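Okay, here's what each chain looks like letter by letter:
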Amino acid sequence: PQDNLGEWTADTDPTDSNSYFQVSYIVSVPPDARIAFESSSIRQYSLEVTTNQAVTGWSGVAGQTNQAGNDGELWLTDTNPAVGQYFYRVTVGVP
(Lines give C-alpha, C1' and ligand atoms only; values in the text may rest on other atoms or scores of the structure.)
Protein backbone atom coordinates (compact mmCIF):
# COMPACT_ATOMS: atom_id res chain seq x y z
CA PRO A 1 0.00 0.00 0.00
CA GLN A 2 1.03 3.55 -0.72
CA ASP A 3 0.96 6.40 1.75
CA ASN A 4 -1.09 9.48 0.86
CA LEU A 5 1.89 11.20 -0.81
CA GLY A 6 2.47 8.13 -2.97
CA GLU A 7 -1.21 7.99 -3.90
CA TRP A 8 -1.20 11.70 -4.76
CA THR A 9 1.96 11.38 -6.83
CA ALA A 10 0.52 8.42 -8.76
CA ASP A 11 -2.85 10.22 -9.09
CA THR A 12 -4.70 7.28 -7.55
CA ASP A 13 -7.54 7.28 -5.04
CA PRO A 14 -6.32 6.64 -1.47
CA THR A 15 -9.85 5.65 -0.38
CA ASP A 16 -10.14 2.90 -3.04
CA SER A 17 -8.04 -0.23 -2.50
CA ASN A 18 -8.51 -1.09 -6.20
CA SER A 19 -6.92 2.20 -7.28
CA TYR A 20 -3.16 1.79 -7.51
CA PHE A 21 -0.33 2.23 -9.98
CA GLN A 22 0.97 -0.94 -11.60
CA VAL A 23 2.62 -2.15 -14.78
CA SER A 24 0.05 -3.95 -16.94
CA TYR A 25 2.31 -5.53 -19.55
CA ILE A 26 5.96 -6.20 -20.22
CA VAL A 27 6.50 -7.39 -23.77
CA SER A 28 9.71 -8.39 -25.49
CA VAL A 29 9.49 -7.76 -29.22
CA PRO A 30 13.13 -8.13 -30.25
CA PRO A 31 15.02 -5.99 -30.20
CA ASP A 32 12.58 -3.85 -28.16
CA ALA A 33 11.32 -4.18 -24.61
CA ARG A 34 7.88 -2.56 -24.17
CA ILE A 35 6.14 -1.71 -20.88
CA ALA A 36 2.48 -0.64 -20.54
CA PHE A 37 0.46 0.83 -17.68
CA GLU A 38 -2.58 3.02 -17.03
CA SER A 39 -1.57 6.67 -16.97
CA SER A 40 -2.94 10.02 -15.85
CA SER A 41 -2.93 13.07 -18.12
CA ILE A 42 -1.73 15.21 -15.20
CA ARG A 43 1.38 13.09 -14.53
CA GLN A 44 4.67 12.29 -16.26
CA TYR A 45 6.24 8.85 -16.50
CA SER A 46 9.82 7.66 -16.91
CA LEU A 47 11.09 4.23 -17.86
CA GLU A 48 14.24 3.26 -15.99
CA VAL A 49 16.52 0.24 -16.34
CA THR A 50 19.26 -1.50 -14.36
CA THR A 51 21.18 -4.75 -14.60
CA ASN A 52 21.34 -5.14 -10.82
CA GLN A 53 18.37 -4.43 -8.53
CA ALA A 54 20.59 -4.57 -5.44
CA VAL A 55 22.43 -1.44 -6.56
CA THR A 56 20.93 2.03 -6.83
CA GLY A 57 22.11 2.33 -10.44
CA TRP A 58 18.79 2.95 -12.20
CA SER A 59 19.13 4.90 -15.46
CA GLY A 60 16.50 6.59 -17.58
CA VAL A 61 15.88 4.91 -20.93
CA ALA A 62 16.77 7.29 -23.77
CA GLY A 63 13.70 9.13 -25.06
CA GLN A 64 11.44 7.52 -22.45
CA THR A 65 11.68 9.93 -19.53
CA ASN A 66 9.16 12.58 -18.48
CA GLN A 67 6.56 11.26 -20.92
CA ALA A 68 3.10 12.82 -20.57
CA GLY A 69 0.28 10.51 -19.50
CA ASN A 70 -2.88 10.21 -21.59
CA ASP A 71 -5.63 9.06 -19.17
CA GLY A 72 -5.32 5.61 -20.70
CA GLU A 73 -2.83 2.88 -21.44
CA LEU A 74 0.65 4.29 -22.08
CA TRP A 75 3.47 2.26 -23.62
CA LEU A 76 7.13 3.09 -23.03
CA THR A 77 9.76 1.31 -25.13
CA ASP A 78 13.43 0.50 -24.71
CA THR A 79 14.70 0.19 -28.28
CA ASN A 80 18.21 -0.73 -27.16
CA PRO A 81 17.89 -3.14 -24.21
CA ALA A 82 20.99 -4.26 -22.35
CA VAL A 83 22.51 -7.63 -23.18
CA GLY A 84 21.81 -10.26 -20.53
CA GLN A 85 19.54 -9.87 -17.52
CA TYR A 86 18.03 -6.47 -16.84
CA PHE A 87 15.18 -4.95 -14.82
CA TYR A 88 12.74 -2.14 -15.54
CA ARG A 89 10.69 0.20 -13.43
CA VAL A 90 8.37 3.09 -14.20
CA THR A 91 8.48 6.21 -12.07
CA VAL A 92 5.69 8.76 -11.76
CA GLY A 93 6.24 12.47 -11.44
CA VAL A 94 4.24 15.67 -11.18
CA PRO A 95 4.99 18.08 -14.05
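For the structure itself, look to the data block above.
A brief report on the enclosed structure follows. (Residues numbered from 1 in each chain as written. Predicted model: local features only at pLDDT ≥ 70, side-chain atom pairs only at ≥ 80, totals over all residues. Heavy atoms only, no water.)

Observations concerning the layout of surface pockets
In this structure, the largest pocket occupies an estimated 180 Å³ of space. Along the walls of the largest pocket sit Ala 10, Asp 11, Thr 12, Asn 18, Tyr 20, Phe 21, Gln 22, Glu 38, Ser 39, Ser 40, Tyr 45 and Asp 71, which together make up its complete lining. Grouping the constituent residues of the lining of the largest pocket by class yields four nonpolar, five polar and three charged. (1 Å grid on protein atoms, 1.4 Å probe; cavity = no way out; pocket = protein on both sides within 12 Å on 5 of 7 lines; lining within 4 Å. Points joined across faces, edges and corners; volume = space filled by probe spheres on them. Nonpolar A, V, L, I, M, F, W, Y, C, P; charged D, E, K, R; others polar.)

Brief notes about the side chain of Ser 40
Mapped onto the elements, Ser 40 comes out in the loop between strand S2 (32–38) and strand S3 (44–50). If we ignore the near neighbours within four places in the chain, the residues touching Ser 40 are Asp 11, Tyr 45, Gly 69, Asn 70 and Asp 71. (Helix = DSSP H or I, 4+ residues; strand = E, 2+ residues; numbered from the N terminus. Contact = heavy atoms within 4.5 Å.)

Considering the sheet that holds strand S1 (residues 23–29)
If you trace the three strands from one edge of the open sheet to the other, you get S1-S2-S6, paired in antiparallel fashion. The sheet is open, and its two edges are formed by S1 and strand S6 (73–78), each paired on a single side. The sheet shows a mean angle of 20° between the axes of neighbouring strands, taken without regard to direction. (Pairing = 2+ DSSP bridges. Axes fitted to C-alpha atoms, helices over the stretch in contact; angles between N-to-C directions.)

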